[in-house]
Amino acid sequence: MTVHNLYIFDRNGVCLYYNEWNRKKQAGISKEEEFKLMYGMLFSIRSFVSKMSPLDMKDGFLSFQTSRYRLHYYETPSGLRFVLNTDLSVANARDTLQYIYSNLYVEYIVKNPACVSPSSLDSELFSSRLDAFIRALPYYSPRAA
C-alpha cells in the first residue's frame, strides 16, 4: 500500500501544489506539461461522467483506476481540485482529501496572512504538516513495490 503523489489545482487549472512520495516512474515530460495533461484529463472525465450518468450525481467523479494505480479526486465548492494517486489497495481516499482541504489547506493557507499569492502554495508549515499527515496514513508505505 502506498501513496504516489498529490496535486492541488485551482479552478483555472493552475497547479498550486505538487508533491511525490513513492513515485516509481517519471512521466518523461516537464512538470508543467504533466500538470496540464492531468488537469485536462480530470476536466474531460468529470464532463464525461456528468453527461453519461443515468442519475443526478451528488458527488460526481470520485476516482478511477488503471491496472497500476488509483486516482482519487475531490473538488471543493470554491473549485479547488485535490488529486491523490495511490496503489490499487486503497479503495477510497475521499476522507483523506477532505481532511487535507479542511484541516491543512484551510488552516495553513487560507487562514495564513503570510500566504498572499494564490498562484502557489509556498508555506513550509503546510508542506511539512501535509507530509507528516501523508506519512502517518495507514496505507502509506515508504518501501512500496
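Residues numbered from 1 in each chain as written. Predicted model: local features only at pLDDT ≥ 70, side-chain atom pairs only at ≥ 80, totals over all residues. Heavy atoms only, no water.

### A look at the pattern of salt bridges
To be explicit about the condition: Here a salt bridge means any side-chain nitrogen of Lys or Arg lying within 4 Å of a carboxyl oxygen belonging to Asp or Glu. We count a stretch as a helix when DSSP gives it H or I for four or more residues in a row; a strand needs E for two or more, and each element gets its number in order from the N terminus. In this scheme, a residue with accessible area under 20% of its type's maximum is buried, one over 50% is exposed, and one in between is partly exposed, where area comes from a 1.4 Å probe on protein chains only.
Applying the stated criterion across every chain yields a total of seven salt bridges. Of the charged contacts in the structure, one is a salt bridge between Glu33 and Lys36, with a shortest N-O distance of 4.0 Å. One end of the pair, Glu33, and the other, Lys36, are both in helix α1 (residues 31–52), three residues apart, so they sit about a helical turn from each other. For Glu75, the salt bridge is made with Arg46, and the minimal N-O distance between the two is 2.8 Å. Here the residue Glu75 occupies a position in strand β4 (residues 70–75), and Arg46 occupies one in helix α1, the gap between them amounting to 29 residues. With a relative accessible area of 22%, Glu75 lands in the partly exposed category.

### Some details on the sheet that holds β4
The cut-off we apply is this: DSSP bridges decide pairing: two strands pair if at least two such bridges lie between them. Only C-alpha atoms enter the line fits that serve as axes; for helices the fit covers just the stretch in contact. Angles between N-to-C directions range over 0 to 180 degrees. Only heavy atoms matter for contacts: two residues are in contact if any of them lie within 4.5 Å across the pair.
In space, the five strands of this open sheet follow the order β2-β1-β5-β4-β3, with antiparallel pairing throughout. Single-partner strands in this sheet number two, and they are β2 (15–20) and β3 (63–65). Each strand axis lies, on average, 10 degrees off the axis of its neighbour in the sheet, ignoring direction. Pairing between β3 and β4: three bridges, direction antiparallel. Within β4, the position partnered with Phe64 by the bridge is Leu71. Sitting on the sheet, α1 touches β1 (3–9), β2, β3, β4 and β5 (81–86), and the angle it makes with β1 is about 80 degrees. Strands in contact with helix α2 (residues 94–110) are β1, β4 and β5; relative to β4, the strand with the most contacts, it is inclined by about 45 degrees.

### Notes on the packing of aromatic side chains
The cut-off we apply is this: Within 6.5 Å between ring centres, the rings of Phe, Tyr and Trp (the latter by its six-membered ring) count as paired, and their orientation is classed by plane angle as stacked under 30 degrees, edge-to-face over 60, tilted in between.
For the coordinates displayed, the defined rule picks out 14 aromatic pairs. On the numbers, 5.8 Å between centres and 10 degrees between planes, the contact of Tyr7 with Phe9 is stacked. Across this residue pair, the class does not change: Tyr7 and Phe9 are buried. Ring geometry for Tyr18 against Phe35: centres 5.5 Å apart, planes inclined by 50 degrees, an arrangement best described as tilted. Note that Tyr18 is positioned in strand β2 and Phe35 in helix α1, a separation of 17 residues in sequence. Site record: aromatic cluster; members linked through ring pairs are Tyr17, Tyr74, Phe82, Tyr101, Tyr105 and Phe126.

### A short note on the pairing of β5
Burial analysis of β5 places six of its six residues in the buried class, which makes it a mostly covered element. Covered by surrounding structure in β5 are Arg81, Val83 and Asn85 together with Phe82, Leu84 and Thr86, the residues of both alternating faces. Remark: five residues form the turn of the hairpin made by β4 and β5, two consecutive strands paired antiparallel; Gly79 in that turn has positive phi of roughly 95 degrees.

### Digging into helix α3 (residues 124–136)
To be explicit about the condition: Here a helix's expected span is defined as the number of its residues, less one, multiplied by 1.5 Å. By definition, the arc is the one covered by directions from the helix axis to the C-beta atoms.
Helix length check: α3, at 13 residues, gives a terminal C-alpha distance of 18 Å against a target of 18 Å (1.5 Å per residue), a fit within 8%. Among all positions in α3, only Phe126, Leu130, Phe133 and Ile134 are buried. Summarising the axial view, the buried residues of α3 lie within an arc of 95 degrees, below the 170-degree limit, and thus occupy one face. Structural note: α3 exposes Glu124 and Ala136 on the side pointing more than 90 degrees away from its buried face. Where α3 is buried, its residues meet β1, β2, β5 and α2.

Any functional reading would require information that these geometric values do not contain.
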